[in-house]
Amino acid sequence: MDKLLEKAGTLIEALPYIQAFNKKIVVVKYGGSAMLDENLKKKVIQDIVLLKLVGMQPVIVHGGGKEISKWLEKVNIEPHFVNGLRFTDDATMEVVEMVLNKVNKELVQMIGELGMKAVGISGKDGSLLHCHKKEVEGDDIGLVGEVSEVNPDIIFDLLEKDFLPVICPVGFDKEYTSYNVNADDAACAIAKALKAEKLAFLTDVEGVYKDFNDKSSLIEKISISEIEKFIENGQMGGGMLPKLSNCIDAVKNGVNRVTIADGRVAHCLLLEMFTNKGIGTMIVGDQL
């Protein structure tokens, strides 16, 4: 009986969050270890399907960097990096599109196996992601794109017809040249265009730390002005900086809250969305 009451308590704890997010758009950036471990992958998809079933409108934006690296090795394409970023030539771009579409349809299939209707698209479909060539510190990194405009009509159409959109980050420019887009950047741009209630980044870290070397310094909730001060003071740097910049950009442009959560934790999305404590770090506007 105690176990049954504990389960009932969990459901009651989730109730206000289910009410608050009812019919609201939640963009999930899915990548990292959660895409590589089959057990974790199933749990993430279960979480997202449950969000849909309780009345939310989830949208998945996924990456596939490690899978791309694996396939480049298979076809004997030597990787070339500029300032730590993969240079994307025409041959690499072909592999990128092939792999991302393969991953995309695998996720659609997993969602379908749970009885939910999903549609997999890329940023090319419906002219979703318009891009321009991205440069890093003046260096040419090839066919890597920066999102210049989002046309979200196709996503709204899918949501209206009760489909779960699954998006891979490939777009094109005015000349219809294909570009590989960083999945974090794509998720941020799409969340802004949709005016999403929430953007959740599934990562390979627990969240944002005041001091990365002190794991007890995890920040549960922080405003964008506080984050900007941390960055200005040099307290946050390295690989987390681009993600934090996306978080700040999203919140400043209509996304109510952004969460950086550890995708290596089973059912991390349910823990984040439906519990009082949550997991990871929540980034909000200064007024919240």
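Criteria and thresholds
- Per chain, residue numbering runs from 1 following the sequence as it is written.
- pLDDT decides what is reported in this predicted model: residues at 70 or higher carry local features, side-chain atom pairs at 80 or more are listed and counted, and totals for whole chains, interfaces and linings draw on all residues regardless.
- Side-chain numbers here rest on the full set of heavy atoms in the structure, without hydrogens or water.
- UniProt positions are given in the numbering used here, feature names are shortened, and annotations may be inferred rather than shown by experiment.
- Put simply, DSSP H or I for four residues or longer makes a helix, DSSP E for two residues or longer makes a strand, and each gets a number counted from the N terminus.
- Exposed residues in this analysis have more than 50% of their type's maximum accessible area, buried residues have under 20%, and partly exposed residues fall in between, with area computed by a 1.4 Å probe over protein chains only.
- We call two residues contacting when some pair of their heavy atoms lies within 4.5 Å.
- For this analysis, a polar contact is any N or O atom pair within 3.5 Å, provided that within protein one partner can donate a hydrogen and the other can accept it, and provided that sequence-adjacent residues contribute only side-chain to side-chain pairs.
- Inter-axis angles, ranging from 0 to 180 degrees, are taken between N-to-C directions of lines fitted to C-alpha atoms, where helices are fitted over the stretch in contact.
- Working rule for angles: under 35 degrees goes down as roughly parallel, over 145 as roughly antiparallel, 65 to 115 as roughly perpendicular, anything else as oblique.
- Take the far helix as your reference; a near helix turned counterclockwise from it by less than a right angle gives a left-handed crossing, and one turned clockwise gives a right-handed crossing.
- Each pair of strands is called paired provided DSSP finds at least two bridges between the two strands.
- The directions from the helix axis to the C-beta atoms form the arc being described.
- Salt bridges are counted wherever a side-chain nitrogen of Lys or Arg sits within 4 Å of a carboxyl oxygen of Asp or Glu.

**A few points about the UniProt feature "binding site: substrate" (unreviewed entry) in the chain**
In the numbering used here, UniProt assigns the feature "binding site: substrate" (unreviewed entry) to Gly64, Gly65, Arg86 and Asn180. With the annotated positions falling across 117 residues, the maximum pairwise C-alpha distance of 13.2 Å places them together in a single cluster. Structurally, Gly65 is set in helix α3 (residues 65-74). Overall, the relative accessible area of 39% leaves Gly65 in the partly exposed class. Counting through the fold element by element, Arg86 comes out in strand β4 (residues 85-86). Dropping the residues within four chain positions of it, Arg86 is found in contact with Gly65, Ile68, Ser69, Leu72, Pro79, His80, Phe81, Thr92, Ile141 and Val144. In this structure the side chain of Arg86 is engaged in a polar contact, spanning 2.8 Å, whose partner is the side chain of Ser69.

**Remarks on the environment of Glu160**
Considering the arrangement of structural elements, one finds Glu160 in helix α5 (residues 153-160). Under the relative-accessibility criterion, Glu160 is labelled exposed at 67%. Distance from Glu160 to Leu11, taken between C-alpha atoms, is 27 Å for residues 149 residues apart in sequence.

**Describing the packing of α3 against helix α4 (residues 90-113)**
Running from N to C, α3 and α4 point in directions that differ by 130°, and their axes come no closer than 9 Å. Between α3 and α4, the angle is such that the two are oblique. You can see that α3 and α4 cross each other, and the crossing is right-handed. Contacts between α3 and α4 involve Glu67, Ile68, Trp71 and Leu72 from the former and Thr92, Val95, Val96, Met98, Val99, Leu100, Lys102 and Val103 from the latter.

**Side note on the sheet that holds strand β2 (residues 57-62)**
Ordered in space as β5-β8-β2-β1-β11-β15-β16-β14, the eight strands form an open sheet in which the pairing is mixed. Of all the strands in the sheet, just β5 (118-122) and β14 (221-223) have a single pairing partner and so form its edges. Recorded for the sheet is a direction-independent mean angle of 20° between the axes of neighbouring strands. Across two bridges, the pairing between β2 and strand β8 (residues 164-168) is parallel. Across the sheet, the residue bridging to Val61 is Ile167, located in β8. Those strands touched by helix α7 (residues 224-232) are β14 and β16 (281-284), and its axis lies near 85° from that of β14.

**Some points on the environment of Cys268**
Mapping Cys268 onto the fold places it in helix α9 (residues 268-274). Separated by 113 residues in the primary sequence, Cys268 and Ile155 place their C-alpha atoms 25 Å from one another. Those residues in contact with Cys268 that sit more than four places away from it in its chain are Asp47, Leu202, Asp262, Gly263 and Ile279.

**Description of the UniProt feature "site: Transition state stabilizer" (unreviewed entry) in the chain**
In the numbering used here, UniProt assigns the "site: Transition state stabilizer" (unreviewed entry) feature to Lys29 and Lys243. These annotated residues cover 215 residues of sequence, but their C-alpha atoms sit close together, with the largest distance between any two at 11.2 Å. Assignment of secondary structure puts Lys29 in strand β1 (residues 25-30). Assessed through its relative accessible area of 10%, Lys29 is described here as buried.

**Remarks on α7**
Here α7 has its buried residues at Ile224, Ile227 and Phe230. In an axial view of α7, the angular spread of the buried residues amounts to 115°, which keeps them on one side of the axis. Residues Lys229 and Glu232 are exposed on α7 and point more than 90 degrees away from its buried face. Packing partners of the buried residues in α7 comprise β13 (218-219), β14, α8 (240-252) and β16. Positive phi appears at Gly234, one or two residues downstream of α7, with a value of about 80°.

**Describing the pattern of salt bridges**
For the structure shown, the criterion picks out 16 salt bridges. The partner of Glu38 in a salt bridge is Lys41, and the shortest N-O contact between them spans 3.4 Å. Taken as a pair, Glu38 and Lys41 lie in helix α2 (residues 38-53) at a separation of three residues, close to a single helical turn. By relative accessible area, Glu38 is classed as partly exposed at 47%.

**A few points about the packing of α2 against α4**
With their axes 10 Å apart at the nearest point, α2 and α4 run at an angle of 60° to one another. Considering how the two elements wind past one another, α2 and α4 form a crossing that is right-handed. Contact residues: Lys41, Lys42, Ile45 and Val49 in α2; Glu106, Leu107, Met110 and Ile111 in α4.

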